Amino acid sequence: MAGLIINIGKFKLKNPVMMASGTFGYAEEFKDFIDLRKIGAVVTKTITLKPRQGNLMPRTCETPQGMLNSIGLENPGIESFIRDKLPILKKIRVPLIVSIASEGNAQEFIALARRLDKFKEVAAVELNISCPNIKINRSPSHQATRPQNQKLIAQDPRATYNLVRAARKNTKKVLITKLTPNVTDIVEIARAAKEAGSDAVSLINTLNAMSIDVDTRKSKIAAITAGLSGPAIRPVAIRMVWEVYRKVKIPIVGIGGIVDTHSALEFFIAGASAIAVGTGNFINPKASIEIIDGIKKYLIRNKIRSIKNIVGSLKI
Ligand SMILES: Cc1cc2nc3c(=O)[nH]c(=O)nc-3n(C[C@H](O)[C@H](O)[C@H](O)COP(=O)(O)O)c2cc1C
């Protein structure tokens, strides 16, 4: 029997396949396509304290082997999430990780973490300190947000440490810290998250990128720059997982361009304990279920008892 069970802190997952934040809505949108109870865990779209309308349109476009998005954390806010979404998610009984963020304000992260602490159906909290799409917005009907050149928390080891530490002191939930690839040294950020008490790190969020319409000579995205995701970023993500795995003893959730079993297995071999499917959900809503079956078959075919035995098994 191929063992797919993994642990992230005290959170026991029946299999290591998750849905990445922002690409799976609040799960119920996918309930007609797949049996949600088969999934290891769902990470919700990032929630903020107050509702956010997000960035101006256009906010997405296709690129070779990927897509750009600059959604700007559109979400209904924590109270609406708790009132309208959480009861549905509880009914579906899908293992749930709630992603939270603020515009660099530690107090908001603390308030969000505290608010979620008493809900048993929330298995873990993911600290999104790496969203590249919070930008200054000129329209008065949209929230004015982070200046273009301001650093993200996950671009600074000290800021990462302080934020994770503050969250750790305010929640008993399993904490996962989501990192950005838009840094020189991902290892020092992962180390800061671990030292501050994070139970795991998830990597990667999207890469800063842009695409131009040559006829209009405008960016294809209203916010001009956006986050690149999909198979195009997979080699970057795998390299970063491998670097963190070698240097920091912390469970890693590998994310970036996973679309099938083969691409998922690359992440485990590089050092991920779990993986999350993002843009792959848009291409094939059943991708995660196929990956769970595919990993099982791979383990049986290769006579490997547990998925844990291939984590970090890269031959050098
Ligand atoms: C449309 C879209 C929305 C996203 N929204 C969020 C979000 O709200 N919070 C977050 O942490 N990551 C968000 N992400 C990033 C993904 O969770 C993931 O880290 C990234 O897309 C890389 O994985 P992928 O190549 O499999 O998509 C979003 C990605 C996309 C494509």
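Note that the structure is a prediction, hence the values are computed from the model and not measured.

Ranked by internal contacts, the top residues of the largest apolar core, which has 105 residues, are Met18, Phe81, Leu127 and Ile275. Here this core takes seven residues from helix H8 (residues 287-301), the largest share from any one element. Beyond its immediate chain neighbours, meaning those up to four positions away, methionine 18 contacts Ile8, Leu13, Ile39, Ala41, Val43, Ile97, Val253, Ala274, Ile275, Ala276 and Val277.

A barrel is described by the order of its strands in space; here eight strands give the closed sequence S3-S4-S7-S8-S9-S10-S15-S16, paired in parallel fashion. Across this sheet, the average inter-strand angle for adjacent strands is 25°, counted without regard to direction. Relative to strand S10 (residues 200-203), strand S9 (residues 174-178) runs parallel, the two being bridged by three bridges. Counted as the bridge partner of isoleucine 176 is alanine 200 from S10. Set on the sheet, helix H3 (residues 157-170) makes contact with strand S8 (122-128) and S9; between it and S9 the angle comes to about 160°.

On to the packing of aromatic side chains, then. For the coordinates displayed, the defined rule picks out three aromatic pairs. On the basis of an interplanar angle of 45° and a centroid distance of 5.8 Å, the ring pair of tyrosine 26 and phenylalanine 81 is categorised as tilted. Pair noted here: tyrosine 26 is in the loop between strand S3 (17-19) and strand S4 (41-43) and phenylalanine 81 is in helix H1 (residues 78-92), with a separation of 55 residues, a long-range link. For the pair formed by tyrosine 26 and phenylalanine 81, the shared burial category is buried. In textbook terms, an aromatic cluster arises when at least three aromatic residues are bridged by ring pairs, as seen for Phe24, Phe30 and Phe33. One residue, arginine 246, lies across the ring of tryptophan 242, its end atom 4.2 Å from the ring centre. Against the face of tyrosine 245 rests lysine 249, its NZ or CZ located 5.4 Å from the ring centre.

This part takes up the packing of helix H4 (residues 186-195) against helix H5 (residues 234-247). The contact between H4 and H5 brings their axes to 9 Å, and the two run at 55°. When the interaxial angle is binned, H4 and H5 end up oblique. For H4 against H5, the interelement crossing comes out right-handed. Of the residues in H5, those in contact with Ile186, Val187, Ala190 and Arg191 of H4 are Met240, Glu243, Val244 and Lys247.

Together, Met210, Ile212, Val214 and Ile224 line one region of the surface with nonpolar side chains, adding up to about 400 Å² of accessible area. Position of isoleucine 224 among the secondary structure elements: in the loop between strand S13 (218-219) and strand S14 (226-229).

Of all residues in the chain, 94% have pLDDT values of 70 or greater, and the mean over the chain is 93. The low-confidence segment residues 135-146, where pLDDT is below 50, has 32 contacts with residues more than four positions distant or belonging to other chains.

With that out of the way, let us pick up the packing of helix H6 (residues 261-270) against H8. Here H6 crosses H8 at 65°, and the two axes come no closer than 9 Å. The crossing of H6 and H8 is right-handed. Residues Thr261, Ala264, Leu265, Phe268 and Ile269 of H6 lie in contact with H8, whose contacting residues are Glu290, Ile291, Gly294, Ile295 and Tyr298. Of the residues in the contact of H6 with H8, the class split is seven nonpolar, two polar and one charged.

Pairing of strand S6 (residues 66-69) with S14 involves three bridges; the strand directions are antiparallel. Bridge pairing in S14 places asparagine 69 opposite glycine 227. The pairing of strand S11 (residues 207-209) with S14 spans three bridges and is classified as antiparallel. Bridge pairing in S14 places alanine 209 opposite alanine 226.

Parameters at a glance
- Numbering of residues starts from 1 in every chain and runs along the sequence as written.
- Residues qualify for local features only when their pLDDT is at least 70, as the model is predicted, and side-chain atom pairs are given and counted only at 80 or more; totals for whole chains, interfaces and linings, by contrast, use all residues.
- Side-chain numbers here rest on the full set of heavy atoms in the structure, without hydrogens or water.
- In this text, buried Ala, Val, Leu, Ile, Met, Phe, Trp, Tyr and Cys residues form a nonpolar core when linked through side-chain atoms within 4.5 Å.
- For the exposure calls, accessible area comes from a 1.4 Å probe over protein chains only, and a residue counts as buried if that area is under 20% of its type's maximum, exposed if over 50%, partly exposed in between.
- Starting at the N terminus, helices and strands are each numbered in turn, a helix being any DSSP run of H or I of at least four residues and a strand any DSSP run of E of at least two.
- Here, residues are in contact when the closest pair of their heavy atoms is within 4.5 Å.
- We treat two strands as partners when DSSP finds at least two bridges between them.
- Axis geometry follows a simple rule: fit a line to the C-alpha atoms, using only the stretch in contact for helices, then measure angles between N-to-C directions, giving values from 0 to 180 degrees.
- Stacked, tilted and edge-to-face pairs are distinguished by plane angle, under 30 degrees for stacked and over 60 for edge-to-face with tilted covering the rest, among Phe, Tyr and Trp rings (Trp via its six-membered ring) whose centres lie within 6.5 Å.
- Any Lys NZ or Arg CZ that is within 6 Å of a ring centre and within 35 degrees of that ring's normal is treated as a charge sitting over the ring.
- Each angle receives one of four descriptions, namely roughly parallel if under 35 degrees, roughly antiparallel if over 145, roughly perpendicular if within 65 to 115, and oblique otherwise.
- Crossing chirality is assigned from the near helix's rotation relative to the far helix, an anticlockwise turn below a right angle marking it left-handed and a clockwise turn marking it right-handed.
- Exposure above 30% relative accessible area and the lack of any salt bridge qualify a residue for a patch; like charges then connect within 9 Å, and the nonpolar side chains Val, Leu, Ile, Met, Phe, Trp and Tyr within 5 Å.
- Under the convention used here, a 1.4 Å probe and the Shrake-Rupley method define accessible areas, while residue burial counts only the protein chains that appear.
- Just to be clear on terms, a salt bridge is a Lys or Arg side-chain nitrogen sitting within 4 Å of an Asp or Glu carboxyl oxygen.
- For every residue, the predictor assigns a confidence score, pLDDT, that lies between 0 and 100.
- Three classes are used, and their members are as follows: Ala, Val, Leu, Ile, Met, Phe, Trp, Tyr, Cys and Pro are nonpolar, Asp, Glu, Lys and Arg are charged, and the others, Gly among them, are polar.

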